[in-house]
Amino acid sequence: NGGNSTGNNGFGGFGGGMTQEGNQNKTEESKKGLKAGNCITINDGVITAVCEDDSVHSNGNIDINSGTLTLSSGNDGIHSDETLTINVENGNISVMSSDDGFNASDGSGSSMQPGGFGDVSSDCELNINGGYVYVNASGDGIDSNGVLNINGGTVIVDGPVSGGDGALDSGSEIVVAGGILVAAGSSQMAELPSDNSTQYSLSLGFAQTQTSSVCVKDSDGNVILSFQPSKEYSSVVISTPEIKSGSEYSVYYGG
């Protein structure tokens with residue numbers, strides 16, 4: 001079972017005239033920060049934006065290759081109508097969201113998962129290949145309407161406490177091939193890495209919500225991972241290269 005060894009994003013002055021979006025004759029000021037009708041490429045620099053609407057918006061593609069972005073948004077932090085590429089090969093990404101932390105969607109919303117929740121699109125793919133990614137979300141932590149691939153880096157999710165959302169969510173499957181993943185949240189919609197994953201994972205479920213740290217040790221008493229979620233949780237998914245098939249692990253929680 002390759003998936004589970006347990007058998008289970010203040011440029012207000014840029015607002016007007018830069019985009020082909022919507023009504024071309026409208027006169028009201030845009031409340032987006034940095035926006036373009038074709039594409040946005042960020043290769044370096046420091047960008048700070050506090051916006052009532054999207055902080056960075058493109059009707060086409062967005063490519064973020066380097067730099068420091070500090071974005072506060074009333075809507076989307078970073079929104080692309082086409083392809084959004086954040087070069088997560090190194091560096092740090094931290095997201096705090098009242099809805100989904102990451103969401104890969106084609107906007108179709110035309111089909112549903114077998115369980116009746118969430119959109120599904122085979123065109124969507126969310127890939128994390130490296131770096132340090134932290135998400136604190138009230139909605140889904142990391143959500144792809146297609147495939148969610150985690151190939152490296154460190155991914156930490158302080159997910160939702162609501163029963164209708166999950167720390168990890170995909171339209172088709174979650175595939176973990178490397179790196180460190182810790183995703184804590186509610187248990188009702190908890191989703192696990194699929195059997196197509198080449199790195200093993202542990203799925204921890206708790207009969208009652210927890211607030212204390214959770215620690216995993218191997219059979220020799222060595223700490224594999226210790227994590228203190230920022231919110232209450234009843235489900236934790238952990239994947240590291242140290243988790244091996246056929247090995248025995250102990251879980252400590254509650255202090």
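The following refers to the structure shown. (Residues numbered from 1 in each chain as written. Predicted model: local features only at pLDDT ≥ 70, side-chain atom pairs only at ≥ 80, totals over all residues. Heavy atoms only, no water.)

## Looking at the sheet that holds strand E16 (residues 168-170)
By definition, the strands of a sheet pair up through backbone hydrogen bonds, in either a parallel or an antiparallel sense.
Stage number 1. Spatially, the three strands line up as an open sheet ordered E10-E13-E16, and their pairing is parallel. Both edges of this open sheet fall to strand E10 (102-104) and E16, since each of them pairs with a single strand only. Direction aside, neighbouring strands of the sheet carry axes that sit 5° apart on average.
Stage number 2. With three bridges connecting them, strand E13 (residues 142-144) and E16 associate as parallel partners. If you follow Asp-143 over to E16, its bridge partner there is Asp-169. (Pairing = 2+ DSSP bridges. Helix = DSSP H or I, 4+ residues; strand = E, 2+ residues; numbered from the N terminus. Axes fitted to C-alpha atoms, helices over the stretch in contact; angles between N-to-C directions.)

## A few points about the side chain of Thr-240
Stage number 1. Turning to its location among the elements, Thr-240 is positioned in the loop between strand E22 (233-239) and strand E23 (249-253).
Stage number 2. Given the relative accessible area of 2%, Thr-240 is considered buried.
Stage number 3. Sequence-distant contacts of Thr-240, that is, excluding residues within four places in its chain, are made with Gly-179, Ile-180, Gln-199, Tyr-200, Ile-224 and Leu-225. (Buried < 20%, exposed > 50% of the residue type's maximum accessible area, 1.4 Å probe, protein only. Contact = heavy atoms within 4.5 Å.)

## Digging into the environment of Gln-210
Stage number 1. For Gln-210, the location among the structural elements is in strand E19 (residues 202-210).
Stage number 2. Relative accessible area serves as the criterion here: at 14%, Gln-210 is assigned to the buried category.
Stage number 3. Residues Gln-210 and Gly-185 lie 25 residues apart in sequence; the distance between their C-alpha atoms is 9.9 Å.

## Here's the deal with the pattern of salt bridges
Opposite charge on two side chains lets them pair, provided their charged atoms get close.
Stage number 1. Summed over all chains, the structure comprises two salt bridges.
Stage number 2. For the salt bridge of Lys-31 with Glu-52, the shortest nitrogen-to-oxygen distance reads 3.3 Å. Taken together, the positions of Lys-31 in the segment before strand E1 (34-36) and Glu-52 in the loop between strand E3 (46-51) and strand E4 (56-58) put the pair 21 residues apart, joining distant regions of the chain.
Stage number 3. The exposed category is assigned to Glu-52, whose relative accessible area is 59%. (Salt bridge = Lys/Arg side-chain N within 4 Å of Asp/Glu carboxyl O.)

## Looking at the side chain of Gln-199
Stage number 1. The residue Gln-199 is located in the loop between strand E18 (180-185) and E19 in this model.
Stage number 2. Judged by its relative accessible area of 9%, Gln-199 falls in the buried class.
Stage number 3. Engagement of the side chain of Gln-199 in a polar contact is seen with the side chain of Ser-239, the distance being 2.9 Å. (Polar contact = N/O pair within 3.5 Å; in protein donor to acceptor, adjacent residues only side chain to side chain.)

## So, the pairing of strand E20 (residues 214-218)
Stage number 1. Counting buried residues along E20, four of its five residues qualify, which places the element largely inside the surrounding structure.
Stage number 2. Where E20 meets E23, five bridges bridge the pair, whose relative direction is antiparallel. Across the sheet, Val-214 pairs through a bridge with Tyr-253, a residue of E23.

## What about the sheet that holds E22?
Stage number 1. Pairing is mixed across the open sheet formed by six strands, whose spatial order is E9-E12-E15-E18-E22-E19. What marks the edges here is a single partner per strand, and that holds for strand E9 (92-97) and E19. Taking the axes of each pair of neighbouring strands and ignoring which way they run, one obtains an average angle of 10° across the sheet.

## Quick word on the packing of aromatic side chains
The geometry of an aromatic ring pair is captured by two quantities: the separation of the ring centres and the angle between the planes.
Stage number 1. Per the stated rule, a full pass over the model turns up two aromatic pairs.
Stage number 2. Consider the rings of Phe-206 and Tyr-233, whose centres lie 5.6 Å apart with planes at 85°: the pair is edge-to-face. In this pair, Phe-206 sits in strand E19 while Tyr-233 sits in strand E22, placing the two residues 27 residues apart along the sequence.
Stage number 3. The buried category is assigned to Phe-206, whose relative accessible area is 11%.
Stage number 4. Residue classification places Tyr-233 among the buried residues on the basis of a relative accessible area of 1%.
Stage number 5. Measuring from centroid to centroid gives 4.8 Å for Phe-206 and Tyr-253, while their planes differ by 75°, and the two rings are edge-to-face. A residue pair is termed long-range when its members are at least 10 positions apart, and Phe-206 in strand E19 and Tyr-253 in strand E23 qualify at 47 residues.
Stage number 6. Of the aromatic side chains, those joined through ring pairs into one cluster are Phe-206, Tyr-233 and Tyr-253.
Stage number 7. Between Lys-217 and the ring centre of Tyr-252, over which it is positioned, the NZ or CZ distance is 5.0 Å. (Phe/Tyr/Trp six-rings, centres within 6.5 Å; stacked < 30°, edge-to-face > 60°. Lys NZ or Arg CZ within 6 Å of the ring centre and 35° of its normal.)

Treat this as a map of the structure, not an account of what it does.
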